[in-house]
Amino acid sequence: MALVDVKGVSKRFGGLTAVSDVDLTVNAGEVHCLIGPNGAGKSTLFKLIVGLYPPTSGSIFFDSIDITAERPYARVQRGMSIKMQAPSVFKELPVRQNIQVALQERLSGAERVAEEERLLSLLNLAEESGKLAGALSHGQQQWLEIGMALALQPQLLLLDEPTAGMSPEETYKTGELIKSFNAEGMTVLVVEHDMAFVRQVAQRVTVLHLGKIFARGSLEAILEDEKVAEIYLGKTHAH
Ligand code: ADP
Ligand code: MG
């Protein structure tokens, strides 16, 4: 069953077509990776799906409902939760309070405290809970932001380059975290550069190149596709 269905979506910025007539389906229950060289249009497509940009043309469906005209907040209420490429934690607030802010609409009192503890330990941030978020390492800030997205208990978790700036160990831990959410039924769409991470988590992969769909399929099929290796591997380290 398609949870997200992007149909013929394009986005132009002046004379530049960043996303061109893209069809993309994310099935309920899968971890889907969106990959492609720098400048391929991945972040633009991501922002179209979460509602930060209106498309120039085309439609986007969530759970079979046309959400093309909906604001990001309405999409979040439908069950989407978003982590953008640049971490946007509240740096001047303690780590725990960042999680509190994300939880406060859904939970209060002892229930909220229990969920704070659960998320902090899940994210390996329990010992940092009193530190200002701005004092965390870049990788820890990424985890904190993933935790804030998770606090909404989304049906669909959308992550744009969640492992940017992480060490290989942190990247691996992030992959295991994502697999554990997915095992509990959460659908995940990840924009990612790091192929080791894609191998670790992806079930299906969509490859974007110059704003267009270049290839799509199972992880195995994409890894074996020589055309993908040519466009992707040649440029992946330029980022
Ligand atoms: P990726 O995430 O795959 O690296 P982006 O979606 O960020 O690619 O960018 C795709 C293309 O669209 C690039 O050429 C980029 O310069 C351009 N672009 C992205 N956002 C904007 C914007 N807000 N205004 C103008 N051009 C943009
Ligand atoms: Mg990007």
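Residues numbered from 1 in each chain as written. Chains lettered and ligands numbered in written order. Predicted model: local features only at pLDDT ≥ 70, side-chain atom pairs only at ≥ 80, totals over all residues. Heavy atoms only, no water.

Novice: Summarise the site of ligand 1; cite the residues concerned and give the values.
Specialist: If you check the shell around ligand 1, you find Phe13, Leu16, Ala18, Pro37, Asn38, Gly39, Ala40, Gly41, Lys42, Ser43, Thr44 and Tyr53 and nothing else. Contacts to ligand 1 include glycine 39, whose backbone N or O atom sits 2.7 Å from an oxygen atom. Within the contact set of ligand 1, a nitrogen atom lies 3.2 Å away from a side-chain nitrogen or oxygen of tyrosine 53. The element contributing the most residues to the shell around ligand 1 is helix 1 (residues 42-50), with 3 residues. Its residues assigned to classes, the shell around ligand 1 comprises 6 nonpolar, 5 polar and 1 charged. (Near = heavy atom within 4 Å. Polar contact = N/O pair within 3.5 Å; in protein donor to acceptor, adjacent residues only side chain to side chain. Helix = DSSP H or I, 4+ residues; strand = E, 2+ residues; numbered from the N terminus. Nonpolar A, V, L, I, M, F, W, Y, C, P; charged D, E, K, R; others polar.)

Novice: Kindly report on the packing of helix 3 (residues 95-103) against helix 4 (residues 109-122), identifying the contributing residues and their values.
Specialist: Here helix 3 crosses helix 4 at 125 degrees, and the two axes come no closer than 10 Å. Taken together, the axis directions place helix 3 and helix 4 in an arrangement best described as oblique. Helix-helix and strand crossings are classified by hand; for helix 3 and helix 4 the assignment is right-handed. Residues Val95, Arg96, Ile99, Gln100 and Leu103 of helix 3 pack against Arg112, Glu115, Glu116, Glu117, Leu119 and Leu120 of helix 4. Grouping the amino acids of the contact of helix 3 with helix 4 by side-chain chemistry returns 5 nonpolar, 1 polar and 5 charged. (Axes fitted to C-alpha atoms, helices over the stretch in contact; angles between N-to-C directions. Parallel < 35°, antiparallel > 145°, perpendicular 65-115°, else oblique. Left-handed = near helix turned anticlockwise from the far one by under 90°. Contact = heavy atoms within 4.5 Å.)

Novice: Give me the pattern of salt bridges: which residues, what numbers.
Specialist: Using the criterion set out here, one finds 11 salt bridges in the structure. For glutamate 115, the salt bridge goes to arginine 106, with nearest N and O atoms at 3.7 Å. With a shortest N-O distance of 2.8 Å, glutamate 128 and lysine 131 are connected by a salt bridge. Given a relative accessible area of 39%, lysine 131 falls into the partly exposed group. (Salt bridge = Lys/Arg side-chain N within 4 Å of Asp/Glu carboxyl O. Buried < 20%, exposed > 50% of the residue type's maximum accessible area, 1.4 Å probe, protein only.)

Novice: Outline unusual backbone geometry, listing residues and values.
Specialist: Within the chain, glutamine 153 stands out as a residue other than glycine whose phi angle is a positive 50 degrees. With respect to the helices, strands and loops of the structure, glutamine 153 is situated in the loop between helix 5 (138-150) and strand 7 (156-160). Here glutamate 161, not a glycine, exhibits a phi torsion of approximately 45 degrees, which is positive. Inspection of the secondary structure assignment puts glutamate 161 in the loop between strand 7 and helix 6 (168-183). Glutamate 161 sits in the buried class, given a relative accessible area of 4%.

Novice: Summarise the sheet that holds strand 3 (residues 31-35); cite the residues concerned and give the values.
Specialist: Taking strand neighbours across the sheet as the criterion, the 6 strands line up as 6-7-8-3-9-10 in an open arrangement whose pairing is mixed. A single partner strand is all that each edge strand has here, and the edge strands are strand 6 (80-83) and strand 10 (212-218). With strand direction ignored, the average angle separating the axes of adjacent strands in the sheet is 15 degrees. Here 5 bridges tie strand 7 to strand 8 (residues 187-191), and the two strands are oriented parallel to one another. (Pairing = 2+ DSSP bridges.)

Novice: Describe the pairing of strand 10, listing the residues and the values that go with them.
Specialist: With 6 bridges connecting them, strand 9 (residues 204-209) and strand 10 associate as antiparallel partners. Following the sheet pairing, valine 205 is matched in strand 10 by glycine 217. If you look at the hairpin formed by strand 9 and strand 10, you'll find 2 residues sitting between the two strands, and leucine 210 has a positive phi there, around 50 degrees.

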